[in-house]
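Architecture and fold: a report
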Amino acid sequence: MALYYFIADTHLGLDYQDPKMREKAFASFLASLPTETSKVFLLGDIFDFWYEYKDVVPRRFTRTLGAIAALADRGVEVNFMNGNHDIWTYSYLQQDLGVKIYAQPWIVEIEGVRFCLGHGDGLWDKSASYSFLQRVFKCRFLQVLFSGVHPRWAFLLGHGWSRHNRLTRFKNQDEKSQKEYLQKIIDGSSAWAADFQKKQAPDKKIDHFIFGHYHTSFTEEVEGGGDVSILGEWIHHPDYLVFDGKTLQRRTFEYRQPAP
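Fair warning: this is a prediction, and the values are worked out from it, not measured in the lab. (Residues numbered from 1 in each chain as written. Predicted model: local features only at pLDDT ≥ 70, side-chain atom pairs only at ≥ 80, totals over all residues. Heavy atoms only, no water.)

**A few points about the side chain of Asp-45**
Residue position: Asp-45 is located in the loop between strand S2 (37-42) and helix H2 (62-73). Among the residues examined, Asp-45 registers a relative accessible area of 1% and is labelled buried. Non-local contacts of Asp-45, meaning those with residues more than four positions away in its chain, are made with Asp-9, Thr-10, His-11, Gly-83, Asn-84, His-85, Asp-86 and His-119. (Helix = DSSP H or I, 4+ residues; strand = E, 2+ residues; numbered from the N terminus. Buried < 20%, exposed > 50% of the residue type's maximum accessible area, 1.4 Å probe, protein only. Contact = heavy atoms within 4.5 Å.)

Below you can see the structure in the form of structure tokens.
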């Protein structure tokens, strides 16, 4: 029986809630995947900030990169989708680690079951400010200019910007706001999936939509068939999905620090 794993939003490198322990936990999770594992889908924001220079890649992630390479070496197909925090992957993950990179939304069939996968950002919540940032981040000319910045300052800027935005979001979320946010995500994701079923896949229905980005966990039925699942984040609650060829299950990874 082959197994297929779906993970998103580990935000490795985010200086919040014990980042070293979070990376150890994620690397341990990858190393613990059973021999039946066929494919792993990393659906964005695995790294809180990632930028590749021609001869320089970010430090801090040695355990994770080693665990990914080990999976690829043993024949597990590792698939990666760029999130809004780790957009700038060019060739390192593919050439050095054997990772395959895809753009969202990606429709893939696994043992006769159809999945629609993505990070989830910008699919239905396309504000003007977010669309502008995406155009800036994906502009090749600006990427070339940014590559001229020394890595020390580039990574300091990237991590600092990310941490500021993340802590501001955590600080401003009271219980009422969290409930409203969750309902907004449920309604928006379900509506987008239903519309996609109707317009993009009328003849071959999608069985499961899986996205990350929103840092909340839920699975909802989609009008017209199938369901949509949002993966949780690994900052507070390590969450992932596993498919065994028949059923899709949500699980939590419990990391245990090795005894000294």
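Don't stop here, the text continues.
**Focus on unusual backbone geometry**
Looking along the chain, the bond that leaves Gln-104 and enters Pro-105 is cis, with omega of -15 degrees. Residue placement: Pro-105 occurs in the loop between strand S4 (100-102) and strand S5 (106-110). Notably, Asp-45 is not glycine yet its phi reads approximately 55 degrees, a positive angle. The backbone phi angle of His-215 is positive, close to 55 degrees, even though this residue is not glycine. Positionally, His-215 belongs in the loop between strand S7 (208-211) and strand S8 (218-221). On the basis of relative accessibility, which here comes to 18%, the residue His-215 falls in the buried class.

**Topic: the sheet that holds S8**
Taken in spatial order, the five strands make up an open sheet running S5-S6-S7-S9-S8, and their pairing is mixed. The outermost strands of the open sheet, each flanked by one partner alone, are S5 and S8. Neighbour-to-neighbour, the strand axes of the sheet open up by a mean angle of 20 degrees, direction not taken into account. Sheet contacts for helix H7 (residues 175-199): S5, strand S6 (113-117), S7, S8 and strand S9 (227-230); angle to S8, the most-contacted strand, approximately 45 degrees. (Pairing = 2+ DSSP bridges. Axes fitted to C-alpha atoms, helices over the stretch in contact; angles between N-to-C directions.)

**A few points about the sheet that holds S4**
Sheet architecture is open: six strands sit in the order S4-S3-S2-S1-S10-S11, paired in mixed fashion. Unpaired on one side and paired on the other, S4 and strand S11 (248-252) mark the two borders of the sheet. The average angle at which neighbouring strand axes cross in this sheet is 25 degrees, direction not considered. In terms of strand pairing, strand S1 (residues 3-7) meets strand S10 (residues 239-243) through three bridges, oriented antiparallel. Residue pairing across strands places Tyr-4 opposite Phe-243, the latter belonging to S10.

**Some remarks on the packing of helix H1 (residues 19-32) against H2**
Running from N to C, H1 and H2 cross one another at 10 degrees; their axes reach a closest spacing of 8 Å. With respect to their mutual orientation, H1 and H2 come out roughly parallel. Together, Glu-23, Lys-24, Phe-26, Ala-27 and Leu-30 of H1 and Thr-62, Arg-63, Thr-64, Ala-67, Ile-68 and Leu-71 of H2 make up the contact between the two elements. Here the contact of H1 with H2 is built from residues that sort into six nonpolar, two polar and three charged. (Parallel < 35°, antiparallel > 145°, perpendicular 65-115°, else oblique. Nonpolar A, V, L, I, M, F, W, Y, C, P; charged D, E, K, R; others polar.)

**What to know about the pattern of salt bridges**
On inspection of all chains with the given rule, the structure shows five salt bridges. Residues Glu-77 and Lys-100 are paired through a salt bridge, measuring 3.5 Å at the closest nitrogen-oxygen approach. Of the two residues, Glu-77 sits in strand S3 (residues 77-81) while Lys-100 sits in strand S4, which places them 23 residues apart along the sequence. Lys-199 serves as the salt-bridge partner of Asp-195, at 3.4 Å between the closest nitrogen and oxygen. Linking Asp-195 with Lys-199, this pair stays in helix H7, spanning four residues, or about one helical turn. Given a relative accessible area of 34%, Asp-195 falls into the partly exposed group. Each of Lys-39, Glu-77 and Lys-100 takes part in one network of salt bridges that share partners. (Salt bridge = Lys/Arg side-chain N within 4 Å of Asp/Glu carboxyl O.)

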